[in-house]
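# Close look at the chain arrangement
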Amino acid sequence: MRVHELAKELGVASKDLLAALEEMGYGGRSASSSVPEEAVPRLRASGGKAVPGARPPRQAVEEPAPKPKAKKKAEAKRAEQKAVEEQPPPALEEAPAAPAPPPAPAAPPLAPAPEPSGPALPVLRVTRGATAQTIAEKVGSSPAEIVKLLFGLGEMATATTSLSDDAIHLVAHELGYEAELVGVAEEEPEEEVVDESRLRPRPPVVTVMGHVDHGKTKLLDAIRKTDVVAQEFGGITQHIGAYQVHTEGREVTFIDTPGHEAFTAMRARGAQVTDIAVLVVAADDGVMPQTLEALDHARAAGVPIVVAVNKVDKPEADPQRVRQQLVEREVVPSDWGGDFEFVDVSAKAATNLDGLLDTILVVADLQELKADPEGTARGAVIEAHLNKGRGPVATVLVQRGTLEVGDAVVSGTVFAKVRAMLDENGQPVKSAGPSKPVQVLGWSAVPEAGDEFRSVADEREARHIGQEREAKARAAELVTTARAATLQDLMAQARAAEVPELNLVVKADVQGSLGALADAFLKLPQDEVKVRLIHQAAGAITESDIQLAMASQAIVVGFNVRPDAKARELSEREGVDVRLYRVIYEAIDDVKAALSGMLAPEQQEEELGRAEVRALFRVPKIGVVAGCYVVSGNISRNSRARLVRDGVVVYEGRIGSLRRFKEDVSKVAEGYECGIGIENFQDVKEGDVIEAYEVREVARRI
């Protein structure tokens, strides 16, 4: 075990552990050196402290190793630990006495020892791919000290080199910190808590979840008195929709998530921004796989769940069965003494919709939902796509503050100056407060669905933050933990090169559908054939996409998008396969079929007949001919054959000659006698069995 590994396990700095080893007589070591086996249990028992009684040679040599500039706080902390160190000796003297009785009592004193030192390390939040200069700024040290520390740990890096995740963890631990790697958008510190006097009640955000074709969109249509489901291809929702409903003078924001199994990420994203989850279950279908998945997402988000039992107007509907199935999943109705509200509704007949809305409002009132409508706007990107006339468009949900036209916002690596905002009906709005979903125009590129957005002072700051985050993201991508290739690596690469690949260029209408489609493709079995996504983006199929497909011999998959005139002309001229889909499962099925066609066919053996050898004849220039009786099936000339003797296969080959009396025949049926000659084999004996068979290639499917 290495020194830094044991230090991380015990929750102490590597240099403290090195000092303890020095006092115990194991000097001249570095953080990457191995810890002597006999010292490991003693250090674990003492929580990383030097065991009393060990000789302390050359303490002065260890002094230059610490970096006083980088760690003044750690020095003070170590001084406290050394002050407390005077008290543990009685506890350590008891430890050797503990093994004399049964070994069980010895474990309790050792287990709590590392616990106090674990939480003592402060957390250092660093972005992936951070440089030594970035770490030095955060810990108050100089880049030269961090580079020197890296050299001591065996990492050759400069002050501006992006570090790997392992190197960042190692450096942070050496400096007395616990590294927490975050994304580029998460590094900025959270804003201060808003004064409670400025909080105002806000509308609840309700996410509608459930299995495919259980009536989620139909239910929302009935509430909103619209017909969104008629616009969905295949009758299933394929992207997130956000709407606001007015009822009894109050507003409720609804988020409609897809129910198809490919849209797992969308359901999880909808659950993360919601206040209340409405789980729609069809009374005639019961609890299905995506119902349970949606339930897990809602529970993970920690939001109250209201179960809407839909389609109760159908003759075969059984709402009680739905309740019983959910009780098995610990979702107990309030009528049965549980904590979950169940409402029986019918979207088609518009039955009991008011009861569902009343239940949602009651649950929302119990939560006392409030937000600060003043100050900078913050929220989440629910969906995003590329519009041919408007450019990048993102549907955002404001969670705090007020977003206005002209504001500068940043989301991930993308920034925008809000050019216009539209509500769910396409009507322009000038401002959007908490819980208000709007479409925002004016982005520099299509933002990632699920990212957080926040407004900043002006467009210049937004552009600066976006470009800085993009540079950090690019640096994190370029970080590679390259090492010398071993023979096993080279053999694995050679095997991987033999696996056929299906190259795809994927284009979709919105960012969420694109992610769902790409995830569905990559989840297909990749053992014998692989799916390789050459390019994926939101927007129409362009000429550059066709050229990329030509260069990489890829298939272009378009989901709810069309190729422009130049792209269509180029694809027809060059023979590039462009597949267009409006329903996601059709795209998945077609790619699965294409992968199946690339699989090596499966060989299946089919027995044609069996013949028993009853006599042997030696024919000049031919050799041994077996006089046989066909027991079952047919024996055909030139078919594959195996010779079986006492249940053991002696030879496999082909039937070279087949005769009845003196005439050559092509086939002999069951119940007839014949003479059989086996190619290149003469050692036939009476009592042997000749089995004729053929091998057929059968297409395989994924």
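The paragraphs below set out a description of the structure included in this document. It should be emphasised that the depicted structure is a prediction, and the values quoted were computed from it without experimental measurement.

Another aspect to go through is the pairing of strand E5 (residues 241-247). In terms of residue burial, E5 counts as a mostly covered element, since 6 of its 7 residues are buried. Taken together, E5 and the strand that follows it, strand E6 (residues 250-256), pair antiparallel across an intervening segment of 2 residues, in which Glu248 is found at a positive phi of about 55°.

Let's shift gears to the pattern of salt bridges. Overall, the coordinates contain 23 salt bridges when judged by the stated rule. Of the charged contacts, one joins Arg579 and Asp577 as a salt bridge, the two residues approaching to 3.0 Å between their closest N and O atoms. Assessed through its relative accessible area of 35%, Arg579 is described here as partly exposed. Measuring nitrogen to oxygen at the nearest pair gives 2.9 Å for the salt bridge that ties Asp688 to Arg645.

Of note, Thr134 is situated in helix H8 (residues 132-139). Owing to a relative accessible area of 22%, Thr134 belongs among the partly exposed residues under this scheme. Put simply, Thr134 and Thr160 are 26 residues apart on the chain and 8.5 Å apart in space, counted from C-alpha to C-alpha. A polar contact is formed between the side chain of Thr134 and the side chain of Thr131, at a distance of 3.0 Å.

What follows deals with the packing of helix H19 (residues 543-552) against helix H20 (residues 565-574). Here H19 crosses H20 at 25°, and the two axes come no closer than 8 Å. With respect to their mutual orientation, H19 and H20 come out roughly parallel. Taken together, the residues of H20 that come into contact with H19 (itself represented by Glu543, Ile546, Gln547 and Met550) are Lys566, Ala567, Leu570, Ser571 and Glu574. A class-by-class count of the residues in the contact of H19 with H20 yields 4 nonpolar, 2 polar and 3 charged.

Moving on: the sheet that holds strand E23 (residues 578-581). With parallel pairing, 4 strands are arranged side by side in an open sheet as E21-E20-E22-E23. Of all strands in the sheet, those with a lone pairing partner are strand E21 (530-538) and E23, marking the two edges. Strand-to-strand twist in this sheet, taken as the mean axis angle between neighbours without regard to direction, amounts to 20°. Of the strand pairs in this sheet, strand E20 (residues 501-508) and strand E22 (residues 555-559) are connected by 5 bridges, and their pairing is parallel. Across the sheet, the residue bridging to Ala508 is Phe559, located in E22. Packed on one face of the sheet, helix H21 (residues 584-598) meets E20, E21, E22 and E23 and runs near 165° to E20.

Parameters at a glance
Residues numbered from 1 in each chain as written. Predicted model: local features only at pLDDT ≥ 70, side-chain atom pairs only at ≥ 80, totals over all residues. Heavy atoms only, no water. Buried < 20%, exposed > 50% of the residue type's maximum accessible area, 1.4 Å probe, protein only. Helix = DSSP H or I, 4+ residues; strand = E, 2+ residues; numbered from the N terminus. Pairing = 2+ DSSP bridges. Salt bridge = Lys/Arg side-chain N within 4 Å of Asp/Glu carboxyl O. Polar contact = N/O pair within 3.5 Å; in protein donor to acceptor, adjacent residues only side chain to side chain. Axes fitted to C-alpha atoms, helices over the stretch in contact; angles between N-to-C directions. Parallel < 35°, antiparallel > 145°, perpendicular 65-115°, else oblique. Contact = heavy atoms within 4.5 Å. Nonpolar A, V, L, I, M, F, W, Y, C, P; charged D, E, K, R; others polar.

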